[in-house]
Amino acid sequence: MSKHSSSNIENENGNTGLGQGTTWIACGWRMVLEQKSLWYGMTAVYFIFGFLLKLIPFMGDLLLILITPMLLASVVWGRAQEQLAEPAVMPVSSQPALALFQIWIAHPAQELMRIFAQEEKMFGAVLLGIVTLGLAMLVKIIGYLLVGGSMLSGLAASQMGMAQVTTLLGMGLVAVLSLLLAMGLLFSVPLTVLGNKQPLAAISESFSVCREKAVALLALAVPFFLVYLVILVAYAKSHWLGYLLLVSMGFLALPVFVAAVYCSYLTLYPPSPSNIRK
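Along each chain, the written sequence defines residue order, and numbers are assigned to residues from 1. Local features are withheld for residues below a pLDDT of 70 in this predicted model, meaning they are given only at 70 or higher, and side-chain atom pairs are given and counted only at 80 or more; totals for whole chains, interfaces and linings count all residues. The basis for every side-chain value is the complete set of non-hydrogen atoms in the structure, without hydrogens or water.

Q: When you look at the overall build of the chain in this model, what are you seeing that I'm missing?
A: A count of helical and extended segments in the chain gives 13 helices and 0 strands. Taken from N to C terminus, the helices and strands of the chain fall in the order α-α-α-α-α-α-α-α-α-α-α-α-α. The buried label goes to any residue with under 20% of its type's maximum accessible area, the exposed label to any with over 50%, and the partly exposed label to all in between, with areas taken from a 1.4 Å probe on protein chains only. Per-residue burial for the chain yields a buried fraction of 42% across its 278 residues. A separation of at least 24 residues holds for 74% of the contacts in the chain among residues at least 6 apart in sequence. A run of H or I in DSSP becomes a helix once it reaches four residues, and a run of E becomes a strand once it reaches two; helices and strands are each numbered from the N terminus. Any two residues having at least one pair of non-hydrogen atoms within 4.5 Å are treated as being in contact.

Structure, rendered in structure tokens:
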């Protein structure tokens, strides 16, 4: 996050609830606009990486869950470092095609790998990825036992008129467990990387913060959840339609959501130079 953006985060002491949530979204939007090539370049690299992993039967989704906290840790660490000093100017080729590749792909890809150059931070990020994978697998297993598959399978069954009361109750339970997991994971990456907390402690604290700031964080999350829901329903109707919305709506919304969550973290946990100094 640039110095200009950090100075634009309003003091939230007198701003609560819906107003606070929308302020965080506006802050995230400004961050993305200030560095469009970086944010959307990282999103493009992440999407390409995710689609490639999807080609691996069964293991692809699990590997994506495992690696995502590490990639987010790189994003968080990189933005925190920008608060200490302006980012170095990246040399760009004089050839237009190569320059575009460097700006939109190569440099964002390097940013997503940034955490792996920080040994003391990398261990926490890797451990958080392992814990996240374990918790996500637990929710998935419960989903398969109660719903016979994912929430997507439950939606498809509902459309076909085959959903029984037990299936609907199972879907409700899986939805509640997914919400609790999301609350625990929302701030887990910055709390681990910037707050120097152990992954389980970071997840526990993230859950507590989400419970305390429920209204503001709900205002932040709902617009992006609606985008996710539209993509999910579209995917249930047609895989191709789901993928189309994912690479359009999802591509535009994901970086803004990540940036908005980072803005909310900076408000709730004002940065300390001792935590983010190299």
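Q: How do you make sense of the packing of helix α4 (residues 59-84) against helix α12 (residues 239-268) when you look at a structure like this?
A: To obtain an axis, a line is fitted to C-alpha atoms, over the contacting stretch when the element is a helix, and the angle between two such axes runs from 0 to 180 degrees between their N-to-C directions. Close contact between α4 and α12 brings their axes to 11 Å; oriented N to C, the two are set at 55°. For the element pair α4 / α12, the angle class is oblique. Like other packed secondary-structure pairs, α4 and α12 cross with a definite hand, here right-handed. Residues Leu 72, Val 75, Val 76, Arg 79, Ala 80 and Gln 83 of α4 lie in contact with α12, whose contacting residues are Val 258, Tyr 262 and Leu 266. In what follows, roughly perpendicular refers to angles from 65 to 115 degrees, roughly parallel to angles under 35, roughly antiparallel to angles over 145, and oblique to any angle outside these ranges. Note on convention: the crossing is left-handed when the near helix lies turned anticlockwise from the far helix by less than a right angle, right-handed when the turn is clockwise.

Q: What's the story with helix α3 (residues 36-54) in this structure? I'm lost.
A: Each α-helix turn comprises 3.6 residues. Residues three or four places apart therefore point the same way. The span you would expect from a helix comes to 1.5 Å times its residue count less one. With 19 residues, α3 should reach 27 Å at 1.5 Å per residue; the first-to-last C-alpha distance of 26 Å fits that figure. Among the residues of α3, those classed as buried are Leu 38, Trp 39, Tyr 40, Gly 41, Met 42, Thr 43, Ala 44, Val 45, Phe 47, Gly 50 and Leu 53. Structurally, α3 contributes buried residues whose contacts are with α2 (18-34), α4, α5 (96-112) and α12.

Q: Could you clarify how one ought to interpret the state of the cysteines in this entry?
A: A covalent bond between the sulfur atoms of two cysteines is what we call a disulfide. Any pair of cysteine sulfurs within 2.5 Å is marked as a disulfide. Per the counting criterion, the structure on display carries 1 disulfide. Here Cys 27 connects covalently by a disulfide to Cys 263, the sulfurs 2.1 Å from one another. Its S-S torsion of about -70° marks the bond between Cys 27 and Cys 263 as left-handed, since a negative value means left-handed. Here Cys 263 lies in helix α12 and Cys 27 lies in helix α2, a separation of 236 residues in the sequence.

Q: Looking at this structure, how should I read the confidence of the model for the chain?
A: When pLDDT is low, close inspection of the predicted coordinates is not appropriate. Counting all residues, the mean pLDDT for the chain is 86, and 82% of those residues have values of 70 or more. The pLDDT value tells you how sure the predictor is about a given residue, anywhere from 0 up to 100. Counting interchain partners and residues more than four positions distant, the pLDDT-below-50 stretch residues 1-14 has 33 contacts.

Q: What should I look at first to understand the pattern of salt bridges in this one?
A: A side chain with one charge can pair with a side chain of the opposite charge if their charged atoms come near. Here a salt bridge means any side-chain nitrogen of Lys or Arg lying within 4 Å of a carboxyl oxygen belonging to Asp or Glu. Under the counting rule described, the total for this entry stands at 5 salt bridges. Arg 79 serves as the salt-bridge partner of Glu 82, at 2.9 Å between the closest nitrogen and oxygen. Here Glu 82 pairs with Arg 79, and both are found in helix α4, just 3 residues apart, close to one helical turn. Since its relative accessible area comes to 5%, Glu 82 is described here as buried. The exposure class assigned to Arg 79 is buried, which follows from its relative accessible area of 1%. With its nearest N and O atoms 3.2 Å apart, the salt bridge here joins Arg 114 to Glu 111. A relative accessible area of 22% places Arg 114 in the partly exposed class. Overlapping salt bridges bring together Arg 79, Glu 82, Glu 111 and Arg 114 as one network.

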